[in-house]
Amino acid sequence: MAEDNQRVDYLAGFCCPVGGLAAGKPRVLCHESEIYLSNGSEFVYIYNQEGKLLNAVYRFPDQVWHLELLALRRELYVLCARNGIYCLSLDPQSRLVDQTDGEDKESDFPSNVFPVDSDSCVFPDATLCAFTVLNDIIITLAQGPSKWRMRLFEQPQGSDGDPRPGSQFSEVEFSTCILPSGSNGKPLASRFLPVLCCASPPGTNVLHTPWCSSGGFVLEETLFGLLFGADATLLESPMILCGFPDGQLCCVPLKALLSPEVALGGPETPVKILHHLEEPVVFIGALRTDPRILEDMDEKPLNEDTSCDCMVAVGHYGKMMAIKSSREEGGNLVPELREYYIRGPILCAACGVGSRMYYSTHSDLSVVDLACNSNPSDPEKIDNAQGVLPPVLSPASLSICSVVTLSVSSRAPKGEAELLALSAKGRLMTCSLDLSSEDSRPVRMNTGNVGQKIKELLSGIGNVSERVSFLKKAVDQRNRALTCLNEAMNVSCALLSNREGPKPINCTTTTAWSRFQLRDVLTATCLLENSSDYSLDQGWTFCIQVFTSSCALEVDSVGSAITYTIPVDQLTPGSKREVTLPLGSNENGKLDLPVTISCALFYSLKEILGSALTSSDSLDAPFFDDCPPDILPDRDGIFLPLGEYTVDMLQCLRFPTLAVAEVQVPGLPSPTSDPVKTFLEASRGQVEPEHMKNIEPMGPDFLRAKYLPPSVASVKVSSELLKNALKEYCSEVPLCCATLQWLLAENSIADIVKTQVLTEVQGVAPDGNDIHLLVREARNGWL
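Worth saying up front: this structure is predicted, and the values here are computed from it rather than measured.

## Things to note about the overall build of the protein chain
Item 1. Each helix and strand in the protein chain was counted, giving 17 helices and 41 strands.
Item 2. Here the protein chain holds 783 residues, and the buried ones make up 43% of them.
Item 3. Taking as baseline every contact in the protein chain between residues at least 6 positions apart, the subset at least 24 positions apart corresponds to 62%.
Item 4. Total accessible area on the protein chain is roughly 41900 Å²; 52% of this is exposed by carbon and sulfur atoms.

## Some remarks on the nonpolar core
Item 1. Judged by nonpolar contacts, the single largest core of 36 residues is most densely connected at Ile85, Ile139, Met150, Phe174 and Ile240.
Item 2. Ranked by residue count, the leading element in this core is strand 11 (residues 128–134), at six residues.
Item 3. Two domains each provide a minimum of three residues to this core, namely domain 1 (1–98 + 108–126 + 402–434) and domain 2 (192–259 + 268–291 + 305–373 + 386–395).
Item 4. Discounting chain neighbours no more than four positions away, the residues touching Met150 are Ile139, Thr140, Leu141, Ser170, Glu171, Val172, Phe174, Leu196, Ile240, Cys242 and Leu257.
Item 5. In terms of nonpolar packing, the next biggest core, distinct from the first, is built from 34 residues, Cys507, Ala524, Val568 and Val647 among them.

## Overview of the pattern of salt bridges
Item 1. Per the counting criterion, the structure on display carries 13 salt bridges.
Item 2. Note that Arg59 is salt-bridged to Glu42, the shortest N-O span being 3.5 Å. In this pair, Arg59 is assigned in strand 5 (residues 53–59) and Glu42 in the loop between strand 3 (34–38) and strand 4 (43–48), connecting sequence segments 17 residues apart.
Item 3. Look at Arg59 and you get partly exposed, because its relative accessible area is 31%.
Item 4. Classification of Glu42 as partly exposed rests on a relative accessible area of 22%.
Item 5. Its salt-bridge partner being Lys319, residue Glu339 comes within 3.7 Å of it at the nearest N-O pair. In this pair, Glu339 is assigned in strand 25 (residues 333–341) and Lys319 in strand 24 (residues 319–327), connecting sequence segments 20 residues apart.
Item 6. Overall, the relative accessible area of 33% leaves Glu339 in the partly exposed class.
Item 7. Three or more residues are tied together by salt bridges with common partners; here these are Glu278, Lys319 and Glu339.

## Focus: the environment of Glu171
Item 1. Here Glu171 is to be found in strand 16 (residues 168–174).
Item 2. Look at Glu171 and you get partly exposed, because its relative accessible area is 33%.
Item 3. Residues Glu171 and Met150 lie 21 residues apart in sequence; the distance between their C-alpha atoms is 5.6 Å.

## Description of the environment of Leu528
Item 1. With respect to the helices, strands and loops of the structure, Leu528 is situated in strand 34 (residues 519–530).
Item 2. A C-alpha to C-alpha distance of 9.0 Å links Leu528 and Thr509, two positions 19 residues apart in sequence.
Item 3. Among all residues touching Leu528, those that are not within four sequence positions of it are Ile505, Asn506, Phe542, Leu571, Ser575, Lys576, Arg577, Leu601 and Leu642.

## Side note on a nonpolar patch on the surface
Item 1. Taken together, the side chains of Ile454, Leu458 and Ile461 present a nonpolar region at the surface, about 300 Å² in accessible area.
Item 2. Residue position: Ile454 is located in helix 8 (residues 450–497).
Item 3. The class of Ile454 is partly exposed, set by a relative accessible area of 44%.

## Overview of the sheet that holds strand 8 (residues 84–89)
Item 1. Taken in spatial order, the four strands make up an open sheet running 6-7-8-10, and their pairing is antiparallel. One side of each edge strand has no neighbouring strand; the edge strands of this open sheet are strand 6 (64–70) and strand 10 (121–124). Strand-to-strand twist across the sheet, computed as the mean angle between neighbouring axes with direction ignored, equals 20 degrees.

## Notes on the confidence of the model for the protein chain
Item 1. For the protein chain, mean pLDDT is 76; residues scoring 70 or higher make up 71% of the total.
Item 2. Here helix 7 (residues 379–385) is the element of the protein chain with the lowest mean pLDDT, 49, and strand 23 (residues 310–315) is the one with the highest, 94.
Item 3. In this model residues 102–109 is a low-confidence stretch, pLDDT under 50, and it forms two contacts with partners more than four residues away in sequence or in other chains.
Item 4. Taken together, the stretch residues 614–634 has pLDDT below 50 and engages in 39 contacts with residues farther than four places along the chain or on a different chain.

Cut-offs applied
- Residues numbered from 1 in each chain as written.
- Predicted model: local features only at pLDDT ≥ 70, side-chain atom pairs only at ≥ 80, totals over all residues.
- Heavy atoms only, no water.
- Helix = DSSP H or I, 4+ residues; strand = E, 2+ residues; numbered from the N terminus.
- Buried < 20%, exposed > 50% of the residue type's maximum accessible area, 1.4 Å probe, protein only.
- Contact = heavy atoms within 4.5 Å.
- Areas by Shrake-Rupley, 256 points an atom, 1.4 Å probe, with all protein chains shown as cover.
- Core = buried A, V, L, I, M, F, W, Y, C linked by side-chain atoms within 4.5 Å.
- Domains from an automatic or database assignment.
- Salt bridge = Lys/Arg side-chain N within 4 Å of Asp/Glu carboxyl O.
- Patch = residues over 30% accessible without salt bridge, like charges linked within 9 Å, V, L, I, M, F, W, Y side chains within 5 Å.
- Pairing = 2+ DSSP bridges.
- Axes fitted to C-alpha atoms, helices over the stretch in contact; angles between N-to-C directions.
- pLDDT = per-residue confidence, 0-100.

Following this line, the structure appears as structure tokens:
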């Protein structure tokens, strides 16, 4: 749009929070020279456009969500969040009385700021989200625990600026998607408020009365009948239109709600769903697109009885629905519905006089024309254009960004349009447009801009293709996540159902000594075997925890244990996975026995579900003011224990010479000694001075070995008791040999002990000291 054909005037600036005003809550109305404005805060401003003065400021207990002006009665209805609907008298004498009363008591507000008390609340209800005025009826919409509730009230009556609350006479509920409840049981507040307005057939003298500023409109008789049915047309009943945050566009006939059956809560609820935008509805309006009407360009004022032949509804993310009546080839009247996609998110919208609709985004204020492109000089094309919506919309920019609320003023001269807008920075402005200029109209398709339009269409196709690809990827990720969850549930059921018998997925643990960096290290080998019919794929982790004897004495033993996590990339049925890990020493270099090894499988929901949910988060904008910072905690998952294995002293004993000879060599050197250190000590001993040879070492180990006798422990057990307990061992060998075999059954030399039929062995303990095991039978029947 050419800048020469538009003029922007900045009227005033109003306070706004850090980051700017949010869309959906601010409102701006204009009647004659006065502007009524709310910026989403607790204040309502009355601004005189001619004098450019702020006449009054009203302060409410909470945020202001909606305004309705009854100009003839000089009353302003205000919806205050979590409080209800207030009725203010706009009589200057009433404001003077309020100001005089405020001078008698202390006040923290300036002289032109009037606090609004609870006496002005005519409809107290904390759940109210929207309302509209229709003659002597107040229509409210409240959010319930599971449904939206519409109620009809009589308009408050009173005198001397003290209106009395009106009585309720009807109620109806809407079954739409409601946000989940919070911790206090009440539904969470949505970012989007429902849209409530009225549509009327011609000649009802309801919505176009000069004293009502409601966002209603009059539809031509054919479109009204096609949309709402023959009953509503014959009854000449206004229709209440509701656009909900879930995308539903519903309608209710007013006269049906006034019937005694519905008013008393009868079973028949006359609610009809017109359309579903699948995104929050932010605007409902009507336009005149008939070329014959546009050809006159008399531009009747907004409050005159002028029927509209096209109804529009706009969603927050850019989806737009337009519907009008058209004729089939056979001549029958049918509704023509088209869906358009304009660049969003849409902050606000307004319908001007004629076929133009204005809408705002964060980056621009644009206008689209829904009249079909036809030549007024060709009557045949005009006749063919009736009932036809343009296949593609061509928005024209007005070069104004971040407008959060918008209205069309009725004070514009003939041939012009005046928009009243409030920006996110709190700046009130007017934008005057010259409608008679060709340059001021939205761009039409011609040979000069066909190439540019083709480029825009190709770019749009590319964007749609990219979005389809992204959606397909998100759906594939969700399907994979569901498949993995199904397999995880199957594995869990298989393990938990076999508590007594052998598990389909088991883990066996064995210990052995190995040489590592010139040191003997005790290692544990955990063998994970999958004997089930299911595969362990991505998301499964093999967890091994090692608890030493010192961990059992500590309060936080889990935190003191050593945990090993091994990802199980793929373990098909019949496969095995072996993991070997060291059983490390403590700070003193000694191994604390016994050692408990706990094995388990862990399935991470964070890894599987987190990626699936994150991939789709960008597709759906949040419907809550506050969202949780994380989708799933890191530790959430499925934990399946496989078993525990305890390593004691008998399993850690080593017998280096047992395989070579049965005779035990006394004074076996410590296996933990370093050969390099031994060589250096031996070399140092060969060159020691003569006077140093007779000096004995004085270390604690030397003193203990020289002066203290070896530690001896004996256990006496009844031989008969052992014979009964060790029947499988005593079948071929004597009882003493069987007892030794039983003691060393889990040691690595168990097979050697069985073949050599031993009753005593001499080996090395984990700390390097010699140990002697002897089993013999006493004469008195004890072992």
